[in-house]
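# Reading the structure
Single-letter residue listing:
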Amino acid sequence: MMPLRRFAIHRPADLGEAAEMLDHYGDTGTLYAGGTELLLAMRHDLLRYEHLIDIKAVAGLDRVERRDGHLYIGAGATHRTIERSAVCRELLPVMSEMEANVANVRVRATGTLGGNLCFAEPHSDPATLLLALDGTARAQGKSGERMLSMDELLAGAYENSLAQDEVLTGVDVPLPGPSQRNAYLKFQVHERPLLGLALSLELDDGGDIREARCAIGCVSPTPCRSEAAESLLAGPADSVEQRLQEAAAALADEAALTDDREGSAEYKRHLIGVLLHRAARKCLNRDG
Ligand SMILES: Cc1cc2nc3c(=O)[nH]c(=O)nc-3n(C[C@H](O)[C@H](O)[C@H](O)COP(=O)(O)OP(=O)(O)OC[C@H]3O[C@@H](n4cnc5c(N)ncnc54)[C@H](O)[C@@H]3O)c2cc1C
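The rules we used
- Residues numbered from 1 in each chain as written.
- Predicted model: local features only at pLDDT ≥ 70, side-chain atom pairs only at ≥ 80, totals over all residues.
- Heavy atoms only, no water.
- Salt bridge = Lys/Arg side-chain N within 4 Å of Asp/Glu carboxyl O.
- Helix = DSSP H or I, 4+ residues; strand = E, 2+ residues; numbered from the N terminus.
- Buried < 20%, exposed > 50% of the residue type's maximum accessible area, 1.4 Å probe, protein only.
- Domains from an automatic or database assignment.
- Near = heavy atom within 4 Å.
- Polar contact = N/O pair within 3.5 Å; in protein donor to acceptor, adjacent residues only side chain to side chain.
- Areas by Shrake-Rupley, 256 points an atom, 1.4 Å probe, with all protein chains shown as cover.
- Nonpolar A, V, L, I, M, F, W, Y, C, P; charged D, E, K, R; others polar.
- Pairing = 2+ DSSP bridges.
- Axes fitted to C-alpha atoms, helices over the stretch in contact; angles between N-to-C directions.
- Contact = heavy atoms within 4.5 Å.
- Right-handed = clockwise from strand over helix to strand, strands pointing away.

Turning next to the pattern of salt bridges. Side chains bearing opposite charge may pair, as long as their charged atoms lie close to each other. Counting across every chain of the model gives 22 salt bridges. A salt bridge links K142 to D23, with the nearest nitrogen and oxygen atoms 2.7 Å apart. Residue K142 is found in the loop between strand 6 (136-141) and strand 7 (144-149), and its partner D23 is found in helix 1 (residues 15-25); the two are separated by 119 residues along the sequence. Overall, the relative accessible area of 45% leaves K142 in the partly exposed class. Overlapping salt bridges bring together R5, D45 and R48 as one network.

Here's what the structure looks like:
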């Protein structure tokens, strides 16, 4: 690892000032939250910035709270804050459980949700879960606020679609009703997950599946859903269980799996099947 090149740290008082600074410093500046990705990439000389705009102290950016039909999670909330948030545990337990298994406690205590989503490292747990839960990102720039779906925010591997002057301020996640069942499962051998799978099922009174949303992550540049898989995952619960392998194949096709250091495309295809079966059993309460 190389020593860090010299840079200046700026502490904006609020989001407006952060947006001004981003605009002012252009390509020579970037936002800095927990620094768990940014400083590492700078130490390896993969990224070079002269100006880091530290948004950790911007008031309210780390809030986790209930807001009209949503759970709002501030971009500055650390993984640990989200994991331990009583309101998140109560309203969206799948999010707390996912966060409790991100990285190690040292990274969770420093790394933020905003940094995770904006760095757009393909092995992100929150990105996959938030895609399945239909989370909406809030971005604030000099000219105001705009909302982006997770698909819109995540533009590619290590690429987000924020404008030069925009800060991700938080994510709105629709609150699950009593008929919604959610699961997030991952498979991991090394430091980061090899596969993440999120399943969200809307059940009817008889326990059959009215609607399904399913996302897989880590095996493609950005997490993805498959329309074909989701239609196979809706219908009478018993027949959906018969179609799980077909749905897993549709997800694998959508991800356009490749062979790489983490395993062959065939191995990843197999894992998608295993995790989908487990997630479906969990959502349908088949594990007792
Ligand atoms: C050892 C290790 C293990 C890990 N394991 C996992 C894992 O199992 N699962 C997983 O999902 N992740 C994992 N991660 C990734 C981890 O979640 C991220 O490193 C962390 O969340 C990044 O947040 P940060 O605040 O440190 O971001 P920073 O490093 O501060 O910033 C990252 C990037 O995001 C930009 N940025 C930050 N905040 C904002 C914002 N509000 N608006 C716009 N841009 C912003 C910065 O400019 C920078 O480009 C791991 C990381 C490490 C180092």
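Picking up after the structure, the text goes on.
This part takes up the domain arrangement of the protein. When the parts of a complex come together, some accessible area is lost, and that lost area is often used as the size of the interface. Looking at the protein, the domain boundaries give domain 1 (8-54), domain 2 (64-174) and domain 3 (180-283). A separation of 36 Å is found between the C-alpha centroids of domain 1 and domain 3.

It is worth spelling out the site of the ligand at this point. Neighbouring the ligand are 34 residues; L31, G34, T36, H79 and T112 lie closest to it. The separation between an oxygen atom of the ligand and a polar main-chain atom of G34 is 2.7 Å. T36 places a side-chain nitrogen or oxygen 2.6 Å from an oxygen atom of the ligand. Alone, the ligand offers 990 Å² of accessible surface; in the complex the protein occludes 94% of this. Those elements that place two or more of their residues in the shell around the ligand are strand 2 (29-32), helix 7 (113-119), helix 8 (125-132) and strand 10 (167-174). A total of 5 residues in the shell around the ligand trace back to one element, the largest contributor, which is helix 7. In terms of residue class, the shell around the ligand is made up of 16 nonpolar, 13 polar and 5 charged.

This part takes up the sheet that holds strand 4 (residues 64-67). A sheet is described by the order of its strands in space; here 5 strands give the open sequence 4-5-10-6-7, paired in antiparallel fashion. On the outer flanks of this sheet lie strand 4 and strand 7, each paired with one strand and no other. Mean inter-strand twist for the sheet, computed between neighbouring axes without regard to direction, equals 25°. Taken together, the 5 bridges between strand 6 and strand 10 define a ladder with antiparallel strand orientation. Counted as the bridge partner of R138 is G170 from strand 10. In this fold helix 1 packs onto strand 6 and strand 10, with an angle of close to 125° to the strand it touches most, strand 10.

This paragraph deals with the pairing of strand 3 (residues 51-54). With burial as the criterion, each face of strand 3 is covered, one bearing H51 and I53 and the other bearing L52 and D54. Across 3 bridges, the pairing between strand 1 (residues 8-10) and strand 3 is parallel. Paired with A8 across the two strands is H51, which belongs to strand 3. Pairing of strand 2 with strand 3, which is carried by 4 bridges, proceeds in the parallel orientation. By the bridge assignment for strand 3, T30 is matched with L52. In this fold, strand 2 hands off to helix 2 (residues 38-43), which returns the chain to strand 3; that crossover is right-handed.

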